[in-house]
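# Chains, contacts and geometry: an overview
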Amino acid sequence: MSDNHTPYSPAQIEPKWQDYWRVNKTFKAIDCDYSRPKLYVLDMFPYPSGDGLHVGHPEGYTASDIWCRYKRMRGYNVLHAMGWDAFGLPAEQYAVRTGTHPAETTAKNVDTFRRQLESFGFSFDWDREINTTDPKYYKWTQWIFAKLYEKGLAYESKQPVNWCPELGTVLANEEVINGRSEVGNYPVIRKPMRQWVLKITEYAERLLAGIDDLDWPEGTKEMQKNWIGKSTGAELFFQVQDSEEQIKVYTTRPDTLFGATYMVLAPEHPLVDKLCASERKAAIRAYQEAAAAKSELDRSELNKDKTGEFIGAYAINPVNSQPIPIWISDYVLISYGSGAIMAVPAHDSRDFEFASKFGLPIKCILRPSEEDCQAAGLELADVLAGKACWEGEGELFDSANAEISINGLPVPEAKKKISDWLESKGIGKASVNYKLRDWLFSRQRYWGEPFPLVHYEDGSVGLVPEDELPVLLPELEDYKPTADGEPPLARAKQWLQYQHPTTGKRGLRETNTMPQWAGSCWYYLRYLDPHNDERGWDPEKEKYWMPVDLYIGGSEHAVLHLLYSRFWHMVLYDLGHVSHPEPWKRLIHQGMILGISYKDQRGVLVANDMVEHRDGKHFHKESGEELTMLPAKMSKSLKNVVNPDEIIERYGADAFRLYEMFMGPLTEVKPWNTDGVEGVYRFLHKAWRMIIDTQSGELAAEISDEAPGDEAERLLHQTIKKVSEDIESLSYNTAISQLMIYVNETSRSAKRNLEHMKTFVLLLSPLAPHIAEELWQRLGHKETLAYEPWPKYDESKLKVAEVEILVQINGKPRGRIMLPMEADKDEMISLVQKDEQIAKLLTGKNIIKSVAVPGRLVNIVVK
RNA sequence: GCCGGAGUGGCGGAAUGGCAGACGCGCUAGACUCAAAAUCUGGUAUCCGUAAGGGUGUGCGGGUUCGACUCCCGCCUCCGGUACCA
C-alpha cells in the first residue's frame, strides 16, 4: 500500500488528512440544525501582515480548535470559522512606497495566512471565510454605519485631534501612547480637523452595567470598567464676583466645599476670555497658546511640574461667600466634567501641588484619625496646618454656615448632607461623569471603508440611498494625502462628485475612511451568513447561533475592540437586528508566547545572533562576556522570532499543537523553547509504535481482542476521566500529560486491547487530529473520527480493593500501609494503630487526636 | 501612583487544605550497537550520612489548622494595563 508509511511520518499523513477534511467538508457548520445543541466558538481574526503567522497566533487557534473538535464528538453542532481583518496601515504604507495597490498586497498576504492556518489542521468551516476589505463585506460595515447615523449616533466635529504627521492621519486617543503613535512610535501633535465621531458615551451606562454578567477574565472586566470610568459626585455653580456669569464645576467631593480656596478653568474654557481682567489678557493669551501648541507628549512630560495663570477675577464660594481667585491651568481638562474645578488643596494632591507652587491658601477642614495618619506616614499636625495633603477619610470641621453644618460628620454622610442642601438651594445637584469619550471614527487614509455620506452644495450632509451600497473605494495612482492635508480619497476627482438619484442635489462624497476597528466590530455576525447579498445576516441564523459561546483572543484587545464591538452590538440590539444585547458570553485570553533571549551583566538584551553557546553557557560573540538566558517578547531586532512553518516542517503540525498546549496553562505567559517540541514529538512516535508495528505497517502484535486486565482497565478509565475533565476546563497541558502516562504504561505491556487502542485514539484526536485520523483508519475505520462519540468512563472500573494510606504523626510522614478502600474513618484509625511499625512509634506517647481522610491519610497527634 | 496577574528543581510546569516537584526538557549511568542515531531501563530539589535513615525546602515575615504551595494579615520582586478624569 502506497500510503502505508510504517514509521510515524507527519509529512505524509498531515497533508493527506487536511485534504480529506477539505474535500469532504468535514467541519461544515449546519445552520439552524435544531436537532443538536449549537456551539459558536470564535477566534480573534488576524490582520494578514506580510510577515506571516508567528507562534503566538496558533496558540489561541489551537486552543479553540481542540475545544471545537471535542465538542463535536460530544454531539454539538459547532460553528468555527476564520477570516481576515485586512484593512490597515502596513498595506497602505507599502502602496505609498511602491505604488502596489493595497488589495494586491492584501490578497497575497491572505493566501500566505490561509496556507499556514491550513497546515495546522484547524477545523474551520472554510466556506465561511470572510475578508473585511471585500466590498461584499464592507457593504454591510457601511450599512451598520448608516444605522448608527440614522439613530443620531454619528456626528461631525471640528476639534483638536491627535494628528500624526509621519503617518499622515489622525489617531484615536487609544492609539496614542505617551504622545507617540502606537503604530510606528512617531510623534503626535494636536491639530484641529473635521472628524466623524460616534456617540459611544450615550451607551456608557449600559456598557458598564452589562459587564457584570459576562463570563470574562476579572482583570479584563475591571479594565473596561476603568476605561468607562464612572464617577458619582455633584455639579455646582460658583457665582463670579461682580459678574452675571456662573461657573459650573464637577466634584466627587462636595463635602470639601468649605475647603475650596481657588478655582481652575481649563485653558480652553469658554468663559476664560470673558472673565479675564484686561491687565491679565496678554499673559492668559500666551498661556492658552502655549497649551494649545503643546503636543500630547509635552503635556505628559510636564505632568510633574504644574503651570498656570491667574485670570484676574474671583468667584464666590457658595457656602461661605468668600471670594476665591480663578486660575487657568492645563491640569484641568476641557473634555472632562465641565472643564472647571473647585480646588481644595488640603484634600486633593493635584490642587495641593498647584497651591504650593503658586502660594495659594491651603485650608484643612477634614481631620483624619491618628492611626490613619500614621499608616500614611504623615503627621496629624501637618495635615491640620495645611502642610500636608489628606485625601482619605476623616471627620469634617470648620464646615458650617448659618443654614447648614456638616461639622463632626464622616465623609460619606457629609457628602450626602451637603449635596441635599445644595440641591435645595438650587445651586447644585448630584451628578455622574464618565471618563469614556466619544469615539473618533474617521481616518485620513485610503485603505479603509469609505463612509456612505455626501456633503451637499447646500451645506447639508446625508447618507447615500441604501441600494447604492457598497460605496466602493476608487482606484488611485497616489495613496498619499493631498498637499493641503486632505485625505487620499480627495484625489479621486470623479468619484468625489455625487448627484442624488431622486432629489438631484449635487455634492461631494466624504473623503475620510473608517478606522480598522470598523470591520472587526461585527465580523462574528458575518460568519453566520457570509454569502448573503440581501442583508448582513439572516435573523433566523442569528437567533440560532448567537451569542458566541467562547471567544479566544489576546488581552491587548481588552478595552478597544471588545468595547467598540459591544457598543455596535448593543445598538444593533436596540434596532432589533440581533437577539442578544451582548455578543460574547465567555471570553478567554491566551497568554503571550515569549522568545528566548539573553542579557549581559548590565541587563542589556543581546540579539540572538550575537550569542555563542558553550558547555551549556552563553557568551557574547564579541566581548566574550557571559550572558544569562531569559524570556523576552519575540522581536525582529532580538532575532528570537520562531517561525511556525519551520517547526511544522521538522516536527509536524500535531507536535506543534501539542507542544504549544503542553507548555503550560493557556492563559499564562510562556517562553518558547524548541527543545521542548522534541518531547511531544517523541510522545507521538511512541503512541504510533504502541499501535503500529513499524516493521510491517500492520497493527502491533501486542494488540488483540483478549479481555483486558483490571490494571489496564483502570488506567484507561482514569485516562478517559482525566482527559475529559481537563479538556472541558481547557487544561490541555494536564490532559496531554495523562495521555503520556497512558502511552508510557501501555507500551510496556505485552498485551494491548484493541478497543482500548481505539478509545485512546479518540482521546488523542482533538489535540493531535492528523495522527489520530490516520491511526483510526488503520484500526479499521473508513470514516473520519470527527463525529465519533466521545468515550465515557465507568466509575466502577476506577475502584481498587486496597489503597496505600499515608500515616502521619504530628503531621510528619512516618509510614505507609495498605488499607481496604472502603474502610471508614474509625476503621482506618484503629487499623493504623494496630500496625506494628506505627505502634512502635506510638509507644510511650499520649494520643491526643486522630484525623483520617478516606483513601488518603491518617494523622495521629501525640504528646 | 492606581488597577490587574504572577513568584515552586538547572528549565517549562503539576498539585487549590491531605505524601511538593506529576508530565516533559536537560543532565547522567546502563542495555542494544563494530560505532553512532533511534529506542529501552534506572537516577536526577537540597543538606547530613558509606548506608538504612533523618533534617530543610514552594519570593520574605507573621497567623489560622491535626495538617498550608494552597486560606488570612503585612511586605518584596517581576510582568501587563493605566495615568492630572477633579
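Residue indices begin from 1 for each chain and proceed along its sequence in written order. Here every chain gets a letter starting at A, and every ligand a number starting at 1, in the order they are written. Given that the model is predicted, a residue must reach a pLDDT of at least 70 before its local features are reported, and side-chain atom pairs must reach 80 or more before they are shown or counted; all residues, however, enter totals for whole chains, interfaces and linings. To get the side-chain values, all heavy atoms of the structure are used, and hydrogens and water are removed first.

A few words now on helix α22 (residues 674-691). Under the scheme used here, helices are H or I runs from DSSP no shorter than 4 residues and strands are E runs no shorter than 2 residues, and both carry numbers assigned from the N terminus. The length a helix should cover is 1.5 Å for every residue beyond the first. The terminal C-alpha atoms of α22 lie 27 Å apart, and with 18 residues this matches the ideal 26 Å at 1.5 Å per residue to within 8%. Throughout this description, buried means an accessible area under 20% of the type-specific maximum (1.4 Å probe, protein chains only), exposed means over 50%, and partly exposed covers the range between. For α22, the full list of buried residues reads Val677, Val680, Tyr681, Phe683, Leu684, Ala687, Trp688, Met690 and Ile691.

What follows is about the sheet that holds strand β6 (residues 169-171). Pairing within the open sheet is antiparallel, and its four strands lie in the order β6-β5-β9-β19. In the strand order of this sheet, the two ends are held by β6 and β19 (439-440), each with one partner. Strands qualify as paired when DSSP identifies two bridges or more between them. Both strand β5 (residues 154-164) and β6 contribute to a ladder of three bridges, which runs antiparallel. Within β6, the residue paired with asparagine 162 across the bridge is leucine 171.

With that settled, the discussion passes to the packing of helix α7 (residues 218-228) against helix α19 (residues 560-574). Every axis in this analysis is a line fitted to C-alpha atoms, fitted for helices over the stretch in contact. Angles between the N-to-C directions lie between 0 and 180 degrees. The contact between α7 and α19 brings their axes to 10 Å, and the two run at 70°. With respect to α19, the axis of α7 lies roughly perpendicular. Across the interface between the two elements, Thr220, Gln224, Trp227 and Ile228 of α7 pack against Leu560, Leu562, Leu563 and Arg566 of α19. Classification used: nonpolar for Ala, Val, Leu, Ile, Met, Phe, Trp, Tyr, Cys and Pro, charged for Asp, Glu, Lys and Arg, polar for all others including Gly. The residue makeup of the contact of α7 with α19, split by class, is five nonpolar, two polar and one charged. Angular relationships are summarised with four words: roughly parallel below 35 degrees, roughly antiparallel beyond 145, roughly perpendicular across 65 to 115, and oblique for the angles in between. Residue contacts are counted whenever heavy atoms from the two residues lie within 4.5 Å of one another.

Checked against the element boundaries, serine 520 lands in helix α16 (residues 517-520). When its relative accessible area of 5% is taken as the criterion, serine 520 is described as buried. Between the alpha carbons of serine 520 and phenylalanine 45 there is a distance of 8.2 Å; along the sequence they are 475 residues apart. Setting aside chain neighbours within four positions, we find serine 520 in contact with Phe45, Asp85, His561 and Ser565.

Strand order in the open sheet formed by four strands is β21-β20-β23-β22, and the pairing between neighbours is antiparallel. Every interior strand has two partners, whereas the edge strands, β21 (461-463) and β22 (497-499), have only one. With direction set aside, neighbouring strand axes in the sheet form an average angle of 40°. Pairing of strand β20 (residues 453-456) with β21 involves three bridges; the strand directions are antiparallel. Among the inter-strand pairings, leucine 453 is bridged to a residue of β21, identified as leucine 463. Relative to β21, helix α5 (residues 135-150) is tilted by about 130°, and along the sheet it contacts β20 and β21.

Further remarks concern the protein's contact with RNA strand B. In the region of RNA strand B, 50 residues are neighbours, and Thr252, Tyr336, Arg350, Arg816 and Asn859 sit closest. One heavy atom within 4 Å of a molecule or strand makes the whole residue count as near it. Sugar and phosphate atoms constitute 66% of the interface atoms of RNA strand B, taking the interface as everything within 4 Å of the protein. Side-chain polar atom of lysine 849 to a phosphate oxygen of RNA strand B: 3.2 Å apart, as the coordinates give it. N or O atoms closer than or at 3.5 Å make up a polar contact, with two conditions inside protein: a donor-capable atom paired with an acceptor-capable one, and, for residues adjacent in sequence, both atoms drawn from side chains. Between RNA strand B and asparagine 859, the relevant distance is 2.5 Å, taken from a base oxygen to a side-chain nitrogen or oxygen of the residue.

This next bit is on the nonpolar core. Nonpolar side chains in soluble globular proteins tend to be buried together. What is meant by a nonpolar core is a set of buried Ala, Val, Leu, Ile, Met, Phe, Trp, Tyr and Cys residues, joined one to another through side-chain atoms within 4.5 Å. Counting 170 residues, the largest nonpolar core has Trp568, Trp672 and Phe760 as the members making the most contacts within it. If we ignore the near neighbours within four places in the chain, the residues touching tryptophan 568 are Thr141, Ile144, Leu148, Leu198, Trp439, Phe441, Ala518, Cys521 and Trp522.

For a regular strand, side-chain orientation follows a simple rule: the groups alternate between the two sheet faces. Across the eight residues that make up strand β34 (residues 802-809), a large majority, six, are buried. Pairing of β34 with strand β35 (residues 812-820), which is carried by eight bridges, proceeds in the antiparallel orientation. Pairing of glutamate 804 across the sheet is with methionine 818, part of β35. The loop that links β34 with its antiparallel partner β35 comprises two residues; one of these, asparagine 810, has a positive phi angle of about 55°. Taken together, the four bridges between β34 and strand β37 (residues 857-862) define a ladder with parallel strand orientation. Across the sheet, valine 807 pairs through a bridge with valine 858, a residue of β37.

Let us look at the packing of helix α2 (residues 57-73) against helix α21 (residues 653-662). It is at 10 Å that the axes of α2 and α21 come closest, and there the two elements cross at 100°. Taken together, α2 and α21 sit at an angle that is classed as roughly perpendicular. Counted together, Pro58, Glu59, Thr62, Ala63, Asp65, Ile66 and Arg69 of α2 and Phe656, Arg657, Glu660 and Met661 of α21 form the full contact between these two elements. Considered class by class, the residues forming the contact of α2 with α21 number five nonpolar, one polar and five charged.

A separate point is the state of the cysteines. What counts as a disulfide here is a pair of cysteine sulfur atoms lying within 2.5 Å. Inspection of every chain in the model, using the stated rule, returns zero disulfides. Here cysteine 68 stays unpaired: no disulfide links it, and the sulfur of cysteine 32, its closest cysteine neighbor, is 18 Å away. Residue cysteine 68 is classed as buried on the basis of its relative accessible area, which comes to 0%. Of all cysteine sulfurs in the structure, the one in cysteine 364 sits closest to cysteine 389, which takes part in no disulfide; the separation is 9.5 Å. The buried category is assigned to cysteine 389, whose relative accessible area is 17%.

A word on the domain arrangement of chain A. Accessible area lost during the coming together of the parts is what is often quoted as the interface size. Each domain span listed reflects an automatic or database assignment of domains. The domains assigned to chain A are domain 1 (231-433), domain 2 (633-796) and domain 3 (800-862). Distance from the C-alpha centre of domain 1 to the C-alpha centre of domain 3: 70 Å.

A separate point is the environment of threonine 511. As for its position among the elements, threonine 511 is in the loop between β23 (506-509) and α16. On the basis of relative accessibility, which here comes to 7%, the residue threonine 511 falls in the buried class.

Candidate patch residues must exceed 30% relative accessible area and have no salt bridge, after which like charges are joined if within 9 Å and Val, Leu, Ile, Met, Phe, Trp or Tyr side chains if within 5 Å. Surface exposure here means Shrake-Rupley accessible area, sampled with a 1.4 Å probe, where a residue is shielded only by the protein chains that are shown. What counts as a salt bridge is simple: a side-chain nitrogen of Lys or Arg found within 4 Å of a carboxyl oxygen of Asp or Glu. Counted charges follow a simple rule, with Lys and Arg positive, Asp and Glu negative, and His plus the chain ends left uncounted. Note that the charge is assigned to NZ on lysines, CZ on arginines, CG on aspartates and CD on glutamates. On the surface, a cluster of negative charge is contributed by Glu370, Glu371, Asp372, Glu379, Asp382 and Glu393. When residues of the negative patch are assigned to their parent elements, the largest contribution, three residues, is made by helix α12 (residues 370-375). With respect to the helices and strands, glutamate 370 occurs in helix α12. Residue classification places glutamate 370 among the partly exposed positions, given a relative accessible area of 46%.

This part takes up the pattern of salt bridges. Inspection of every chain in the model, using the stated rule, returns 51 salt bridges. Note that aspartate 549 and lysine 38 form a salt bridge whose closest N and O atoms lie 2.8 Å from each other. Placement of aspartate 549 in the loop between α18 (539-545) and β24 (550-552) and of lysine 38 in strand β1 (residues 38-43) is noted, with a sequence separation of 511 residues between them. Aspartate 65 is the salt-bridge partner of arginine 69, the closest N and O atoms lying 2.9 Å from each other. You can see arginine 69 and its partner aspartate 65 sitting in helix α2, four residues apart, about one turn around the helix. Per residue, the accessibility class of arginine 69 equals that of aspartate 65, and both read buried.

On the secondary structure map, aspartate 85 appears in the loop between β3 (83-84) and α3 (89-98). Buried and without a salt bridge, aspartate 85 has arginine 445 as its closest oppositely charged side chain, separated by 10 Å. Sequence-distant contacts of aspartate 85, defined by excluding residues within four places in its chain, comprise Phe45, Pro46, Tyr47, Pro48, Thr132, Gln516 and Ser520.

Turning to the packing of aromatic side chains, a few remarks are in order. Two rings belonging to Phe, Tyr or Trp (six-membered ring only in the last case) form a pair when the distance between their centres is within 6.5 Å. Interplanar angles under 30 degrees mark stacking, angles over 60 mark edge-to-face geometry, and anything in between is tilted. For the structure on display, the rule yields 56 aromatic pairs. Between the aromatic rings of tryptophan 84 and phenylalanine 113, the centroid separation amounts to 6.2 Å while the plane-to-plane angle is 80°, which identifies the pairing as edge-to-face. Taken together, the residues tryptophan 84 in strand β3 and phenylalanine 113 in helix α4 (residues 102-118) connect sequence positions 29 residues apart. Given a relative accessible area of 0%, phenylalanine 113 falls into the buried group. Ring centres 5.5 Å apart and planes at 65° place the aromatic pair tyrosine 524 and tryptophan 584 in the edge-to-face group. In this pair, tyrosine 524 is assigned in helix α17 (residues 523-526) and tryptophan 584 in the loop between α19 and β25 (587-588), connecting sequence segments 60 residues apart. Tryptophan 584 matches tyrosine 524 in its accessibility class, with the two residues each being buried. Three or more aromatic residues joined by ring pairs form one cluster here, namely Phe145, Tyr149, Trp196, Tyr203, Trp439, Phe441, Phe451, Trp517, Tyr564, Phe567 and Trp568. One cation-aromatic arrangement involves lysine 306 over tyrosine 331; the distance from NZ or CZ to the ring centre is 5.2 Å. The residue whose ring lies beneath lysine 505 is tyrosine 456, and the NZ or CZ to ring-centre distance is 4.5 Å. Here, a charge over a ring means that NZ of Lys or CZ of Arg falls within 6 Å of the ring centre while also lying within 35 degrees of the ring normal.

The next subject is unusual backbone geometry. Most peptide bonds are trans, and most residues other than glycine sit at a negative phi. The amide bond that connects leucine 469 to the next residue, proline 470, takes the cis arrangement and shows omega of 0°. Turning to its location among the elements, proline 470 is positioned in the loop between β21 and α15 (493-496). Residue proline 547 is bonded to the preceding methionine 546 through a cis peptide linkage, with omega at 0°. Positioned with a positive phi, aspartate 398 is a non-glycine residue whose angle comes to about 50°. By the secondary structure assignment, aspartate 398 is in the loop between β17 (395-396) and α14 (411-424). Residue leucine 730 is not a glycine yet carries a positive backbone phi of 60°. Relative to the assigned elements, leucine 730 resides in the loop between α23 (710-728) and α24 (732-748).

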